[in-house]
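Here is how the chains run, residue by residue.
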Amino acid sequence: MFQQPSDAPSAGSSDGRLRLETQRLVLREWTASDIPDLVEGLNDLGVAQWLALVPHPYTVEAAEQWLAYCARLAEAGPERTGYELAIELRSERKAIGGVSLTRISRLHGTAGGGIWLNAHYQGHGYGLEAFGEKIRFAFEDLGLRKLENGYFPGNTASQAMQEKLGYRPEGLRRQAYRCLADGLIKDECLTGLLIQEWQRPPRR
Ligand SMILES: CC(C)(COP(=O)(O)OP(=O)(O)OC[C@H]1O[C@@H](n2cnc3c(N)ncnc32)[C@H](O)[C@@H]1OP(=O)(O)O)[C@@H](O)C(=O)NCCC(=O)NCCS
């Protein structure tokens, strides 16, 4: 069962799989029925070029491997070191992207993470809504104190979204990745958000 501090708002579900809700979105574990949406969203170089580990073309087989990885993560229970969640648009019951909390260190109180949205659903505030809820979950429900992130230079959408949520620049990791989608070596602009810098959203 997913454990939370006793005064935390409700998160998770009776089967222990995480489920978070926002006004327009549900953040939940991936399931096999999401495979067509995963392939639709990620088989797009315009999206994958900004992500380090998404191959191109993105096939059903790649999606199945991804689901197997996510299932292993969830099996670790309350001490799991990461969450990989589908972003479901309530009005369409469709997985329009993914958001993650990764490298969770309970010792240091830190975690990393990422996000992507199907190109057809970008620019409508869903990124802010999903990432904002991920931050709330990390700080309020898990009790972490710092979130670390990054983006490839030129990713103005991610930079703008992170700045809006309070992330601050923390340097440049030169030639940090070989992007799987296009094979190019890319720098990473590092960002971080401390809990004391976080603007807690008003309770719904
Ligand atoms: C990055 C991403 C998740 C942002 O999600 P989104 O839903 O498109 O962004 P939002 O609509 O929530 O916008 C967030 C803020 O960024 C701004 N923004 C969004 N796209 C922008 C762009 N291309 N250029 C400049 N600013 C942009 C918005 O104006 C908004 O600020 P505002 O509320 O002041 O207007 C999405 O664009 C995406 O999936 N991109 C491809 C994959 C990716 O880059 N993932 C992140 C890797 S680090």
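The structure under discussion appears in the preceding block.
First, a word on what this report is: a plain description of the structure on this page. Predicted model only: the values in this text are computed from it and were never measured.

With that settled, the discussion passes to the overall build of the protein chain. A tally of helices and strands in the protein chain yields five helices and eight strands. For 204 residues, the compact-globule formula gives about 17 Å, and the C-alpha radius of gyration of the protein chain, at 16 Å, lands near that figure. If one aligns the C-alpha atoms of the protein chain with their principal axes, the spans along those axes are about 45 × 40 × 30 Å. Looking at the protein chain as a whole, 32% of its 204 residues qualify as buried. If you take every contact in the protein chain between residues at least 6 apart in sequence, the share linking residues at least 24 apart comes to 57%.

A few words on the sheet that holds strand 4 (residues 94-105). With respect to topology, eight strands assemble into an open sheet ordered 1-2-3-4-5-6-8-7, the strand pairing being mixed. Each having just a single partner strand, strand 1 (19-21) and strand 7 (168-178) make up the two edges of the open sheet. The average angle at which neighbouring strand axes cross in this sheet is 25°, direction not considered. Of the strand pairs in this sheet, strand 2 (residues 25-29) and strand 3 (residues 83-89) are connected by five bridges, and their pairing is antiparallel. Considered in strand 3, the bridge of Glu29 is made with Leu85. Taken strand by strand, helix 5 (residues 156-165) contacts strand 6 (146-151) and strand 8 (185-194), and its axis lies near 160° from that of strand 6.

The next subject is the nonpolar core. In terms of nonpolar packing, the biggest core is built from 42 residues, with Leu27, Ile87, Val99, Ala130, Phe131, Ile135 and Ala138 touching the most fellow members. Looking at this core element by element, the count peaks at six residues for helix 4 (residues 126-141).

Procedures and definitions
Residues numbered from 1 in each chain as written. Predicted model: local features only at pLDDT ≥ 70, side-chain atom pairs only at ≥ 80, totals over all residues. Helix = DSSP H or I, 4+ residues; strand = E, 2+ residues; numbered from the N terminus. Rg over C-alpha atoms; globule rule 2.2 N^0.38 Å. Buried ≥ 20, exposed ≤ 12 C-beta atoms within 10 Å, placed from the backbone. Contact = placed C-beta atoms within 7 Å. Pairing = 2+ DSSP bridges. Axes fitted to C-alpha atoms, helices over the stretch in contact; angles between N-to-C directions. Core = buried A, V, L, I, M, F, W, Y, C linked by C-beta atoms within 7 Å.

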